[in-house]
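# Inside the fold
Listed below, chain by chain, are the residues.
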Amino acid sequence: MTNFAINVESFKRVDLVTVAGRVDSSNASELDTALQSLLDNNRNNIVLDLSQVTYMSSAGLRAVVSALRESKKNGGDLRLASPSERVLEVLELSGLNTLFEKFDDLTHAVGSF
Amino acid sequence: MSRKRSTVFPGRYELIGQICDFVLAGASEAGFDPDATFQVNLACDEACTNIIEHAYNGEDNGEIFVSWEIRDNSFIITLHDNGEPFDPAAVPKPVIPTDPAQINQLQVGGLGLHLMRKVMDDVHFRFDDNGNVVIMTKRLPPRSAPAPRPPAAPAPQEQEET
């Protein structure tokens, strides 16, 4: 099983947040902190690479949705890059899938800003 | 015939993965495919999170008693806690707009309960003298039909081995 990990890479106009492993109530606060830290520093254009996420519960979704709402409020956006099959499924089950702009690969997601 | 396993874990977020692994061993015995197994995992995770958040008001305030059972055509997960009464009717339903422009209307409270009900065939809560009990049921996958028999071949003549 892939261990939970978060990596943040900053570019000129966008920040790339890569998440891996299982995202649940034991670690969703770490994802929330990473995303809120960007937003607090007025970095409102965020690409979230979820290709390596093996599982995401509602706790993870809440962190992502909260950042989406905040970024849009500040004139930016949070876009998803190649979400894994399990992430897509939980987005679909929750009804949140229509709220996100999704890209099949990282290059297009980063280039969209 | 029925198969049942039970165990108990401290109510701690970092142990939810282990609780769900215990349940998933039963899901594997039940013959669920990877998609259904993922759904069982999700329901178990959300139910345990609810117990820690709402019944115990935080971590390390009590134990989670968990069991799974394969009975008749169902896989049944039972989670029991000794915490505060949990009333699912008091949990608001999530408000999720379909238009991204209306994201300010988004309210994700109750999302966990919503997901539990989405992925399981039945979710039932009750509160008794010993605490909260949530029983989640998922129908077992249909058994694959037996392959049609090939046309009967002429019976070979039996030979006695010498």
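Here, every reference points to the structure presented above.
Residues numbered from 1 in each chain as written. Chains lettered and ligands numbered in written order. Predicted model: local features only at pLDDT ≥ 70, side-chain atom pairs only at ≥ 80, totals over all residues. Heavy atoms only, no water.

### Some points on the overall build of chain A
The line we're drawing: Per the convention used, a helix needs a DSSP run of H or I reaching at least four residues, while a strand needs a run of E reaching at least two, with both numbered from the N terminus. In this description the radius of gyration comes from C-alpha coordinates, and the expected globular size is given by 2.2 Å times residues to the power 0.38. Accessible area is worked out with a 1.4 Å probe on protein chains only. A residue is then buried under 20% of its type maximum, exposed over 50%, and partly exposed in between. The contact criterion used throughout is that any non-hydrogen atoms of two residues lie within 4.5 Å. Accessibility throughout is a Shrake-Rupley quantity obtained with a 1.4 Å probe, and a residue counts as covered only by protein chains that appear here.
When its secondary structure is counted, chain A shows four helices and five strands. In sequence order, chain A lays out its α and β elements as β-β-α-β-α-β-α-β-α. Compactness check: chain A gives a C-alpha radius of gyration of 13 Å against a globular reference of 13 Å for 113 residues, within 12% of the reference. Along the first, second and third principal axes, the C-alpha atoms of chain A reach 35 × 25 × 25 Å. Buried residues in chain A amount to 55% of all 113 residues. The contacts in chain A between residues at least 6 apart in sequence include a share of 68% that link residues at least 24 apart. Put simply, chain A shows about 4900 Å² of open surface, and 44% of that area lies on carbon and sulfur atoms.

### Re the side chain of Ser84(A)
Residues and elements named next belong to chain A. Relative to the helices and strands, Ser-84 resides in the loop between β4 (77-81) and α3 (85-94). When its relative accessible area of 12% is taken as the criterion, Ser-84 is described as buried. Aside from chain neighbours lying at most four places away, what touches Ser-84 is Leu-50, Ser-51 and Val-53.

### Side note on the sheet that holds strand β5 (residues 102-103) of chain A
Residue and element names in this part refer to chain A. Quick note on the threshold: Two strands form a pair only when DSSP identifies at least two bridges running between them. Helix axes are fitted to C-alpha atoms over the stretch in contact, other axes to C-alpha atoms as well, and angles between N-to-C directions run from 0 to 180 degrees.
Sheet architecture is open: five strands sit in the order β1-β2-β3-β4-β5, paired in mixed fashion. Both outer strands of the open sheet, β1 (5-10) and β5, are each paired with one neighbouring strand and no more. Here eight bridges tie strand β2 (residues 15-23) to strand β3 (residues 45-56), and the two strands are oriented parallel to one another. The residue bridging Val-23 from the neighbouring strand is Met-56, located in β3. On top of the sheet, helix α1 (residues 28-40) reaches β1, β2, β3 and β4; it is set at about 175° to β2, its chief contact.

### Re the packing of helix α2 (residues 34-55) of chain B against helix α3 (residues 111-119) of chain B
Residue and element names in this part refer to chain B. Here is the rule we go by: In this scheme the crossing of two helices becomes right-handed for a clockwise turn of the near helix relative to the far one and left-handed for an anticlockwise turn of less than a right angle. Following the grouping adopted for this structure description, the nonpolar residues are Ala, Val, Leu, Ile, Met, Phe, Trp, Tyr, Cys and Pro, the charged ones are Asp, Glu, Lys and Arg, and the polar ones are all others, Gly among them.
The geometry of α2 relative to α3 is characterised by a closest axis approach of 9 Å and an angle of 145° between their N-to-C directions. Like other packed secondary-structure pairs, α2 and α3 cross with a definite hand, here left-handed. Seen from α2, the contacting residues are Gln-39, Leu-42, Ala-43, Glu-46, Ala-47 and Asn-50; seen from α3, they are Gly-112, Leu-113, Leu-115, Met-116 and Val-119. Looking at the contact of α2 with α3, its residues break down into seven nonpolar, three polar and one charged.

### Describing the environment of Glu89(A)
Note the threshold: Each polar contact in these results corresponds to two N or O atoms within 3.5 Å; when the atoms are within protein, one needs to be able to donate a hydrogen and the other to accept it, and residues that are neighboring in sequence are counted only if both atoms are side-chain atoms.
Positionally, Glu89(A) belongs in helix α3. Between the C-alpha atom of Glu89(A) and that of Tyr55(A), which follows or precedes it by 34 residues, the distance is 9.8 Å. Beyond its immediate chain neighbours, meaning those up to four positions away, Glu89(A) contacts Asp35(B), Phe38(B) and Gln39(B). Here Arg86(A) takes part through its side chain, which lies 2.8 Å from a polar atom of the side chain of Glu89(A). Only 3.4 Å separates the side chain of Glu89(A) from the side chain of Gln39(B), close enough to count as a polar contact.

### Comments concerning the pattern of salt bridges
Applicable threshold: Between Lys or Arg on one side and Asp or Glu on the other, a salt bridge is scored when a side-chain nitrogen of the former is within 4 Å of a carboxyl oxygen of the latter.
Evaluated as defined, the whole model comprises 15 salt bridges over all chains. A salt bridge links Glu89(A) to Arg86(A); the shortest N-O distance between them is 2.8 Å. In this pair, Glu89(A) and Arg86(A) are both assigned in helix α3, three residues apart and thus about one turn of the helix distant. Assessed through its relative accessible area of 15%, Arg86(A) is described here as buried. Asp128(B) serves as the salt-bridge partner of Arg126(B), at 3.8 Å between the closest nitrogen and oxygen. Via salt bridges that share partners, Lys72(A), Asp77(A), Arg79(A) and Glu101(A) belong to a single interconnected network.

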